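# Tertiary structure, described
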Amino acid sequence: WATITVPINAKPTPGIFEVTPSNGMELTTIFELSASYWDDKDIPLTYEFHYSTKIGQSHTLLRARADSKAHSSYLPVADVAATGMTYLYLSVYDSKDAFATVNTSVLVSPLIPSADILNSLLNDVQSTKAISRGLQKAAMVADSLSKVDCSAAPNCTDLFRQSCSSTINTCGPC
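A few points on the structure. Within each chain, residues carry numbers counting from 1 in the order of the written sequence. Side-chain atom pairs in this predicted model are given and counted only at pLDDT of 80 or more, local residue features only at pLDDT of at least 70, and totals for whole chains, interfaces and linings cover all residues. The basis for the side-chain values is all heavy atoms of the structure; hydrogens and waters are excluded.

## Some words on the pattern of salt bridges
Here, a salt bridge means any side-chain nitrogen of Lys or Arg that lies within 4 Å of a carboxyl oxygen of Asp or Glu. What the rule picks out here adds up to two salt bridges. With a closest N to O distance of 3.8 Å, Lys96 and Asp42 form a salt bridge. Note that Lys96 is positioned in the loop between strand 7 (85–93) and strand 8 (99–109) and Asp42 in the loop between strand 3 (31–36) and strand 4 (46–52), a separation of 54 residues in sequence. Between buried and exposed lies partly exposed: a residue is buried under 20% and exposed over 50% of the maximum accessible area for its type, with that area taken using a 1.4 Å probe on protein chains only. By relative accessible area, which is 11% here, Asp42 ends up buried. When the shortest N-O distance is used, the salt bridge between Arg65 and Asp97 registers 2.9 Å. Placement of Arg65 in strand 5 (residues 60–66) and of Asp97 in the loop between strand 7 and strand 8 is noted, with a sequence separation of 32 residues between them. Numbering of helices and strands runs from the N terminus; a helix is a DSSP stretch of H or I covering at least four residues, while a strand is a stretch of E covering at least two.

This is the structure:
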């Protein structure tokens, strides 16, 4: 008889994923994301952060894999018609690319845009010394401006229509 031993690369052992604060306002609150107490024999570990504003939606990258266990970021407002929560994901990779992903959620309230606020945000983006922070904020401003207010839309499911998404407080097509 011959014996073959096949080593299996286990994913990193879960640690803690924390986000502070637990609630804030889009484009104004900086959320601090941190990973601690993760472990694996195949070091170094790298950390990647994502978010989504709906359950089941594809994740949007906040920060690509890096050695740093922490990241600070603005976050977009969630789909208030659904849960109101913005979902955050941490993926921790070992040196052989095995990974574990955990998630948590925060409440991000919408910013009601006015001309003064938008002008202030634009000036802030232009004066930001960190290019990545400025680009991130510019993307969030653009995303915020494209959102439709569906807070007073009827229950579209009861009407056999799709959810409100493109016209203010109006259900989608049948």
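## What about unusual backbone geometry?
Here the amide bond leading from Thr20 into Pro21 is cis, since omega sits at -5 degrees, within 30 degrees of zero. Within the secondary structure, Pro21 is located in the loop between strand 1 (16–20) and strand 2 (23–25). Residue Ile43 is joined to Pro44 through a cis peptide bond whose omega torsion reads 10 degrees. In this structure, Pro44 sits in the loop between strand 3 and strand 4. Despite not being glycine, Asp97 has its phi angle at roughly 75 degrees, a positive value. The partly exposed category is assigned to Asp97, whose relative accessible area is 46%. One non-glycine residue, Phe160, adopts positive backbone phi at about 60 degrees. Mapped onto the fold, Phe160 is located in the segment after helix 2 (131–145). The class of Phe160 is exposed, set by a relative accessible area of 69%.

## Details of the environment of Met25
Note on placement: Met25 falls in strand 2. On the basis of relative accessibility, which here comes to 32%, the residue Met25 falls in the partly exposed class. C-alpha separation for the pair Met25 and Leu75, spaced 50 residues apart in sequence, amounts to 8.2 Å. Contacts between residues were defined by any pair of non-hydrogen atoms, one from each residue, lying within 4.5 Å. For Met25, the residues in contact, after removing those within four places along its chain, are Val108, Ser109, Pro110 and Leu111.

These figures capture arrangement, not role.
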